[in-house]
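If you want the building blocks of each chain, they are given just below.
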Amino acid sequence: MRLLATGTLAIGLLVPALPASADPMESGPWTSYAPTFTVQERGCGDVSDLTFKLNCSTDSGDQRAERRYATYSSGTRQFEGYFKITSLEGTRVSLKQTFKTTGPFFMLAVERGGRLYSVHGGNTIATGATIGTTVRVNTVHVVGSTHRTYINGSLKHTVSSESGSFYDKFGAYRTGSGKGPATVEWSGVQFWRK
């Protein structure tokens, strides 16, 4: 019985809190808001609500299935979302981006095997993003100062940010060295600002 209880506790620790109960990272006051978005499907990308698929193993061209949110250019913005990879036959697929209107700024991607990394620089951000595991992602962007990434509530990556116009994207996107097929389900998506 003691072994069973310990096993149950260990399993419970691996699963993040339910999306509805999550609070923003870092101190507030935060104001919740709902930016508009457009759906981007290119190449073999397919979007169905919050399920994003790359349906091919093509390792070239623009293969994407994403939501692109409204542009912002000041203040502090926070994104939160939970992703679950339900299949990944390919590798090096971008899951979440904070994009500058003049070009890529921050891209969180996954390799087959579950390593999360920053596309620019290649630094490992976290491990354990394996098929069927739900992962919470928060990004806190202070325009003109810093961009911080939290995985399951722990700060994992910080990079300097210049001024400019930015927007959030998430889904499944083939990186320059990546390919599908891949299926990613997102949930609990929220935005805050201050």
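Our subject is the structure that appears above.
Here we summarise the structure given alongside this text. (Residues numbered from 1 in each chain as written. Predicted model: local features only at pLDDT ≥ 70, side-chain atom pairs only at ≥ 80, totals over all residues. Heavy atoms only, no water.)

1. Digging into the pattern of salt bridges
Applying the stated rule across the entire model yields twelve salt bridges. A salt bridge links Glu-66 to Lys-169; its shortest N-O distance comes to 3.0 Å. Placement of the pair is Glu-66 in strand β5 (residues 64-69) and Lys-169 in strand β14 (residues 166-179), with a sequence separation of 103 residues. A relative accessible area of 3% places Lys-169 in the buried class. Here the salt bridges share partners, and the residues they tie into one network are Arg-42, Asp-62, Arg-64, Glu-66 and Lys-169. (Salt bridge = Lys/Arg side-chain N within 4 Å of Asp/Glu carboxyl O. Helix = DSSP H or I, 4+ residues; strand = E, 2+ residues; numbered from the N terminus. Buried < 20%, exposed > 50% of the residue type's maximum accessible area, 1.4 Å probe, protein only.)

2. What about unusual backbone geometry?
The residue after Gly-28, namely Pro-29, is reached through a cis peptide bond having omega 10°. Take Pro-29: it is sitting in the loop between α1 (2-14) and β1 (31-33). The omega angle of the peptide bond from Gly-180 to Pro-181 is 0°, so this bond is cis rather than trans. Of note, Pro-181 is situated in the loop between β14 and β15 (182-193). The residue Glu-26 is not glycine, and still its phi comes out positive at about 70°. Inspection of the secondary structure puts Glu-26 in the loop between α1 and β1. Not every positive phi belongs to a glycine, and Asp-49 is a case in point at roughly 55°.

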